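One letter stands for each residue in the lines below.
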2 protein chains.
Amino acid sequence: MPKRFSVDQYADGILAGNRILLSRAITLVESTLPSDQALAQQVLDQVLPHTGRSVRVGITGVPGVGKSTFIEALGLHLVGQLGKRLAVLAIDPSSQRSGGSILGDKTRMNQLAAHERAFIRPSPAGRSLGGVARSTREAMLLCEAAGHDVIFVETVGVGQSETAVHGMVDFFLLLMLAGAGDELQGIKKGIMEMADAVVITKADGSNEMPARRAKGEYRSALHLFPLGPSGWSPKVTTSSALTGAGVPEVWQVVEKYVQHTQQNGYFQKHRQEQNLHWLYETVRQALEERFYAQPAVQQQLPSLRQQVMDGRKSAFGAAEELLGLS
Amino acid sequence: MPKRFSVDQYADGILAGNRILLSRAITLVESTLPSDQALAQQVLDQVLPHTGRSVRVGITGVPGVGKSTFIEALGLHLVGQLGKRLAVLAIDPSSQRSGGSILGDKTRMNQLAAHERAFIRPSPAGRSLGGVARSTREAMLLCEAAGHDVIFVETVGVGQSETAVHGMVDFFLLLMLAGAGDELQGIKKGIMEMADAVVITKADGSNEMPARRAKGEYRSALHLFPLGPSGWSPKVTTSSALTGAGVPEVWQVVEKYVQHTQQNGYFQKHRQEQNLHWLYETVRQALEERFYAQPAVQQQLPSLRQQVMDGRKSAFGAAEELLGLS
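Source: prediction; values computed, not measured. (Residues numbered from 1 in each chain as written. Chains lettered and ligands numbered in written order. Predicted model: local features only at pLDDT ≥ 70, side-chain atom pairs only at ≥ 80, totals over all residues. Heavy atoms only, no water.)

## Here's the deal with the confidence of the model for chain A
Residues and elements named next belong to chain A. Under the convention used in this document: Across the chain, each position has a pLDDT score giving the predictor's confidence in that residue, from 0 to 100. Contacts are residue-level and defined by heavy atoms, with any inter-residue pair within 4.5 Å sufficient.
When the pLDDT values of chain A are averaged, the result is 88; 90% of them are 70 or greater. Scored below 50 in pLDDT, residues 95–101 makes 16 contacts in the model with residues more than four places away or belonging to other chains. For this predicted complex, the interface score ipTM comes out at 0.78, alongside a pTM of 0.79.

This is the structure:
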């Protein structure tokens, strides 16, 4: 097989649901080579009219919450009983450092990975969060063009990756453990307020009662926050990947949300806003990359940073100096 | 009096606590004239060694929560019993549109405004949030140089101004009403999670019991969130500007926070991070301003925006096109 195909070959393959060409196109999207990037944009432009027809679900939760088993259980329900085609993507900022990635070990979801209607792709490694977010979003569009009805974007429950995922999905699902102690959850402040649903996982055996109690607590807590512009009040449910209890109910919540927001117009409006947001985000990232890559800026920045941190120079004065260099 | 003074005149006047020169220097900081801006930066650089010695408190809450009366009550306690010197600044994005400003009507706090140890300055009008945030932050530094021990930065409880205020203060105070209905509070999602303390206002008369109940509810809700990097768990109190009940206690909470974070090193570390944040923010704003001011970009942007919103062009493709123009 050749290393690269033509734009038409990629596009036609993707639209025909060819998994190999889909994978290869995602590799292009993840590449940092300018020639790959240019090719990727042409492929994207060509398949763009066939994108947007999936439900995009962000899923987050700290390690230990049982994210993989939950995704496998919910995923098998979708591709099995409901006959959906599902793509599972991931954003993992830690893969920058470790070179590994949260979905890298596909054996964690081997039943789902083996299913013909499921497509699992690990987080791209070795790029900044902005870069990872960009390629994940583009991979999502390619998966939609390949006919997937549901996209899961998984992330890790710590750091800024949640905001990136929240900015590219229709529905944001937060997985929580009952009784693990609030600090142990490690959920960053602000993440709970992004959730359209909270699922208390591992609600089985001796953990069933604590899970039910936690459900009540989170319900009251979320109730204190006013409704967002979607007009949707976040739901709290429990589920067990072990017994399967509560798993179909999670998808019913997602479907209810989609119905609700399609009726009030928020679904479409939200996607338009997300598209615009990514336009401005991409410009911002490029402007900053160009600016900080300049030799004069790179030379002056460390000492100016230090002076600003020490309060010897005002942040604005230092910024002016830097800006004067370019 | 001349329209402009020399750098030394401004700096010496500010350091001597001259209110007129302080006001005039803040006017410079708020000016959009390049010559004023340059002069302002020189003044700032000269007084910089004398800044940073105040406690910076952000105060937010929706209209109707009793913000002015609360600030007046707490302010009079500070400048009176405690002998502090207090500056009250404001960030009001709505003043962009209306031309008015939340502190514009000083008569709302006439006792405090008349006090010799208080300095009240309304929100600068007619600039973007970024511009208002910048000049408020610089005004804060000037007020510190003029010997104020406590700075209040007031904002309105809706929109992005909270994030800007949160990024420039040591302590963030959220005012809430009891029993007004969650939706009526109009507090944007995410704001509660920024709060170091929530104060339920107007806890007097028939409102006292509901306020106490609300206190319990918010306590439980905040308890579900893990501690932030400050290691501080947010406090919830009630207060009445009418009877004065609970007002000194609010200041005790602030002092406890300062003690706590000075002991664990967070106070200083947080300020250094804020300084760095403002350096990068200023650079970003300037880069974006320059970019979007280009005629070719201004010409292409509307049609590209529309194509991105409609899904006819990918956000990244459109960004590439724009970036290619400069």
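Read on for the rest.
## Some points on the pairing of strand S7 (residues 235–238) of chain B
Residues and elements named next belong to chain B. Definition in use: A pair of strands is treated as paired once DSSP finds two or more bridges between them. Think of it this way: any DSSP run of H or I at least four residues long counts as a helix, any run of E at least two long counts as a strand, and we number them from the N terminus. Here is how to tell: hold the view so the strands point away, follow the path from the first strand over the helix to the second, and if it runs clockwise the crossover is right-handed.
Alignment of strand S6 (residues 197–201) against S7, held across 4 bridges, turns out to be parallel. Considered in S7, the bridge of Val199 is made with Thr237. Handedness of the β-α-β unit built from S6, helix H10 (residues 208–223) and S7 comes out right-handed.

## Some details on the interface of chain B and chain A
Using the following cut-off: Once two parts are put together, the accessible area they lose, assessed with a 1.4 Å probe and summed over both, is termed the buried area. By convention in these notes, a salt bridge is any Lys or Arg side-chain nitrogen within 4 Å of a carboxyl oxygen on Asp or Glu.
Contacts between the two partners involve 57 residues from chain B, matched on the other side by 57 residues from chain A. Between chain B and chain A, a total of about 5,600 Å² is buried, with carbon and sulfur atoms accounting for 65% of that surface. Viewed at the interface, chain A and chain B are joined by 2 salt bridges. The shortest N-O distance in the salt bridge between Glu320(A) and Arg134(B) comes to 3.7 Å. If you list the elements that add at least two residues to the side of chain B that touches chain A, you get helix H3 (34–47), helix H7 (129–145), helix H9 (182–185), H10, helix H12 (266–292), helix H13 (295–309) and helix H14 (315–324) of chain B. The biggest single contributor to the side of chain B that touches chain A is H12(B), with 15 residues.

## Describing the sheet that holds strand S3 (residues 118–120) of chain A
All names here are of chain A. Threshold: Each axis is a line fitted through C-alpha atoms, and for a helix only the stretch in contact is used; angles between axes span 0 to 180 degrees, taken between their N-to-C directions.
The strand order S3-S2-S4-S1-S5-S6-S7 describes an open sheet built from 7 strands, whose pairing is parallel. Both edges of this open sheet fall to S3 and strand S7 (235–238), since each of them pairs with a single strand only. Going from strand to strand, the sheet's axes swing by 20° on average, the running direction of each strand aside. As paired elements, strand S5 (residues 171–177) and strand S6 (residues 197–201) share 5 bridges and run parallel to each other.

## Section: the pairing of S5(A)
All names here are of chain A. Test applied: Accessible area is worked out with a 1.4 Å probe on protein chains only. A residue is then buried under 20% of its type maximum, exposed over 50%, and partly exposed in between.
Of all 7 residues in S5, 7 are buried, a share of seventy percent or more. With burial as the criterion, each face of S5 is covered, one bearing Phe171, Leu173, Leu175 and Leu177 and the other bearing Phe172, Leu174 and Met176. Sheet analysis places strand S1 (residues 55–60) next to S5, joined by 4 bridges and oriented parallel. Among the inter-strand pairings, Ile59 is bridged to a residue of S5, identified as Leu173.

## Describing the packing of aromatic side chains
Remark: the centre distance and the inter-plane angle together describe each pair of aromatic rings, the angle taken between the planes. Residue and element names in this part refer to chain A. Formally: Geometry of aromatic contacts follows a simple scheme: Phe, Tyr and Trp rings, the Trp one being its six-membered ring, pair when their centres are within 6.5 Å, and the pair is stacked under 30 degrees between planes, edge-to-face over 60, tilted otherwise. Criterion for a charge above a ring: Arg CZ or Lys NZ at most 6 Å from the ring centre, at most 35 degrees from the ring normal.
Per the stated rule, a full pass over the model turns up 12 aromatic pairs over all chains. When the ring of Phe291 is compared with that of Tyr292, the centres are 5.1 Å apart and the planes differ by 85°; the resulting orientation is edge-to-face. Ring pairs connect the aromatic residues Phe171, Trp232 and Tyr257, which therefore count as one cluster. Above the face of the Trp232 ring, Lys235 is positioned so that its terminal group lies 3.9 Å from the ring centre.

## Regarding unusual backbone geometry
Look at Lys202(A): it is not a glycine, yet its phi comes out positive at around 55°. Along the polypeptide, Lys202(A) turns up in the loop between S6 and helix H10 (208–223).

## As for the side chain of Thr136(A)
All names here are of chain A. The condition is simple: Polar contacts, as counted here, are pairs of nitrogen or oxygen atoms within 3.5 Å of one another; within protein the pair requires one atom able to donate a hydrogen and one able to accept it, and residues that are adjacent in sequence qualify only if both atoms are side-chain atoms.
Residue placement: Thr136 occurs in helix H7 (residues 129–145). Only 2.8 Å separates the side chain of Thr136 from the backbone oxygen of Val132, close enough to count as a polar contact. Filtering out sequence-adjacent residues up to four positions away, Thr136 remains in contact with Leu89, Ala90, Ile91, Pro124, Val153 and Met168.

## Examining the pattern of salt bridges
Considering all chains together, one arrives at 26 salt bridges over all chains under this definition. When salt bridges with common partners are traced through the structure, they connect Arg134(A), Glu138(A) and Glu320(B) into a single cluster.

## Things to note about the relation of the copies chain B and chain A
Threshold: To line up the copies, we fit them by least squares on C-alpha atoms, keeping just the residues with pLDDT of at least 70 in both.
The transform that puts chain B on chain A rotates by 180° and translates by 0.1 Å along the axis, for an RMSD of 0.0 Å. The symmetry that links the two subunits is that of a two-fold axis. Among all C-alpha atoms of chain B, that of Ala221(B) lies closest to the rotation axis, at 2.3 Å. Of all interface residues in chain B, 100% are interface residues in chain A too; the two copies therefore contact each other through one and the same surface.

## Side note on the nonpolar core
Note the threshold: We define a nonpolar core as any set of buried Ala, Val, Leu, Ile, Met, Phe, Trp, Tyr and Cys residues linked to one another through side-chain atoms lying within 4.5 Å.
In terms of nonpolar packing, the biggest core is built from 146 residues, with Leu142(A), Ile200(A), Leu142(B) and Ile200(B) touching the most fellow members. The residues contacting Leu142(A), other than those within four sequence positions of it, are Ile14(A), Leu22(A), Ala25(A), Ile26(A), Val29(A), Val43(A), Leu44(A) and Val47(A).

## Notes on helix H11 (residues 247–263) of chain A
Residue and element names in this part refer to chain A. Test applied: Between the first and last residue of a helix there are one fewer steps than residues, each counted as 1.5 Å, and that sum is the expected span. By definition, the arc is the one covered by directions from the helix axis to the C-beta atoms.
The end-to-end C-alpha distance of H11 is 25 Å, a good match for the 24 Å that 17 residues give at a rise of 1.5 Å each. Taken together, the buried positions of H11 are Val247, Val250, Trp251, Val253, Val254, Tyr257, Val258 and Thr261. Along the axis of H11, the buried residues cluster in a sector spanning 150°; they form a single face. Seen from the buried face of H11, the exposed residues on the opposite side, beyond 90 degrees, are Gln252 and Gln263. Just downstream of H11 lies Gly265, where phi reads positive at about 85°.

## Points about the sheet that holds strand S5 (residues 171–177) of chain B
All names here are of chain B. Pairing within the open sheet is parallel, and its 7 strands lie in the order S3-S2-S4-S1-S5-S6-S7. Each end of this open sheet is capped by a strand with a single partner; those strands are strand S3 (118–120) and S7. When strand polarity is set aside, the average angle formed by the axes of neighbouring strands in this sheet is 20°.

## Some details on the packing of H7(B) against H12(B)
All names here are of chain B. Where we set the bar: Under this scheme an angle from 65 to 115 degrees is roughly perpendicular, one under 35 degrees roughly parallel, and one over 145 degrees roughly antiparallel; angles in between are oblique. The sense of a crossing depends on the near helix, which, turned anticlockwise from the far helix by less than a right angle, makes the crossing left-handed and, turned clockwise, makes it right-handed. Each residue receives one of three labels: charged for Asp, Glu, Lys and Arg, nonpolar for Ala, Val, Leu, Ile, Met, Phe, Trp, Tyr, Cys and Pro, and polar for the others, Gly being one of them.
Close contact between H7 and H12 brings their axes to 11 Å; oriented N to C, the two are set at 140°. Taken together, the axes of H7 and H12 lie oblique to each other. The interaxial crossing formed by H7 with H12 has left-handed handedness. Counting all contacts with H7, which are made through Gly130, Gly131, Ala133, Arg134, Arg137 and Glu144, the residues of H12 involved are Arg271, Gln274, Asn275, Trp278, Thr282 and Gln285. Grouping the amino acids of the contact of H7 with H12 by side-chain chemistry returns 2 nonpolar, 6 polar and 4 charged.

## Remarks on the environment of Ser123(B)
Residue and element names in this part refer to chain B. Checked against the element boundaries, Ser123 lands in the loop between S3 and H7. Relative accessible area serves as the criterion here: at 6%, Ser123 is assigned to the buried category. C-alpha separation for the pair Ser123 and His166, spaced 43 residues apart in sequence, amounts to 16 Å.

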